[in-house]
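If you want the building blocks of each chain, they are given just below.
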Amino acid sequence: MFNDIGALELVTIVVLAILIFGPEKLPKVIQDVTGVIRKIRAFSDSAKQDIRSELGPEFKDFEFEDLNPKTFIRKQLSENEDLKDIRSSFDLRKELNEVTDAVNGKEAAEAPDPVPAVTTGDGATPAPAAGPDMVKKQPAAPAQERRAAYDADAT
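Residues numbered from 1 in each chain as written. Predicted model: local features only at pLDDT ≥ 70, side-chain atom pairs only at ≥ 80, totals over all residues. Heavy atoms only, no water.

**Topic: the overall build of the chain**
Note the following rule: Put simply, DSSP marks the helices as runs of H or I at least four residues long and the strands as runs of E at least two long, and each gets a number from the N terminus on. Any residue under 20% of the maximum accessible area for its type is buried, any over 50% is exposed, and the rest in between are partly exposed; the area is computed with a 1.4 Å probe on protein chains only. Working rule for contacts: check all heavy atoms of both residues, and any pair within 4.5 Å makes them a contact. All accessible-area figures derive from a Shrake-Rupley calculation using a 1.4 Å probe, and residue coverage is judged against the displayed protein chains alone.
Helix and strand content of the chain: 4 helices and 2 strands. Taken from the N to the C terminus, the helices and strands of the chain come in the order α-α-α-α-β-β. Sorting the 155 residues of the chain into buried and exposed places 5% on the buried side. Counting contacts in the chain only where the partners sit at least 6 residues apart, residues at least 24 apart contribute 8% of the total. Counting every atom, the chain has about 14,500 Å² of accessible surface; 60% of that belongs to carbon and sulfur.

Printed below as a string of structure tokens:
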């Protein structure tokens, strides 16, 4: 509950409590405050138990903390085995290097030959397979630029 209160803040609260209530009334105020906190906790626990009993046996392991979106998403991601498999099999650096090599025209060391050779029937020199060479850049046909009409009143 008070995880983020440091020693300096705690000392400040104690000094202010002594100044406001005085040393005579301070123990009674502390008792009253702790009693109120206990009653609030008991009320909260009984409300949780009532809700769980009303939901039925299929929600017996329901936790109210799971209603927090961050907690819910973290729990779903950590429990899903498919996501663990995907996360472990996906190496971003390797994928990025392969894409960079393909763009620069280099062949990856473990990548297969991008243009498989086709042997002719008479055992002559192999000819490249039909199809475009995806590694080398193809000369692009000059594209005619045509801009769409811009209407300032329409936007």
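Picking up where we left off.
**What about the environment of aspartate 66?**
With respect to the secondary-structure elements, aspartate 66 resides in the loop between helix H1 (7-55) and helix H2 (69-79). We classify aspartate 66 as buried; its relative accessible area is 17%. Placed 10 residues apart in sequence, aspartate 66 and glutamine 76 show a C-alpha to C-alpha distance of 10.0 Å. With residues up to four places along the chain from it excluded, the contact list for aspartate 66 reads Thr71, Phe72 and Lys75.

**Notes on the confidence of the model for the chain**
Using the following cut-off: Scored from 0 to 100, pLDDT records how confident the predictor is in each individual residue.
Looking at the chain as a whole, the pLDDT averages 75, with 66% of positions reaching at least 70. Ranking the elements of the chain by mean pLDDT puts strand E1 (residues 117-118) last with 50 and H1 first with 91.

**Structural notes on a nonpolar patch on the surface**
Selection rule: Within this analysis, patches are made of residues with over 30% relative accessible area and no salt bridge. Like charges are joined at 9 Å or less; nonpolar side chains (Val, Leu, Ile, Met, Phe, Trp, Tyr) at 5 Å or less. For salt bridges, the criterion is a side-chain nitrogen of Lys or Arg within 4 Å of an Asp or Glu carboxyl oxygen.
On the surface, a nonpolar cluster with roughly 600 Å² of combined accessible area is contributed by Val11, Val15, Leu16, Leu19, Ile20 and Phe21. Tracing the chain through its elements places leucine 16 in helix H1.

**Comments concerning helix H4 (residues 92-104)**
Test applied: A helix is expected to span 1.5 Å for every residue after the first.
Its 13 residues give H4 an end-to-end C-alpha distance of 18 Å, which sits within 8% of 18 Å, the value for a rise of 1.5 Å per residue. Two residues or fewer after H4 comes glycine 105, characterised by a positive phi angle close to 90°.

**Regarding the side chain of arginine 52**
For arginine 52, the location among the structural elements is in helix H1. Given a relative accessible area of 18%, arginine 52 falls into the buried group. Residues contacting arginine 52, with those up to four places away along its chain left out, are Lys60, Phe62, Glu63 and Phe64.

**Some points on H1**
Spelled out, the test is: Bend, in this description, refers to the angle at a residue between axes fitted to the seven residues ending there and the seven starting there.
Taking 1.5 Å per residue, 49 residues should reach 72 Å; H1 reaches only 43 Å between its end C-alpha atoms and comes up short. Most pronounced at glycine 22, the bend in H1 amounts to some 105°, and the proline proline 23 follows within four residues. Where H1 is concerned, the buried positions are Ala17, Gly22, Leu26 and Arg52. Just downstream of H1 lies glycine 56, where phi reads positive at about 105°.

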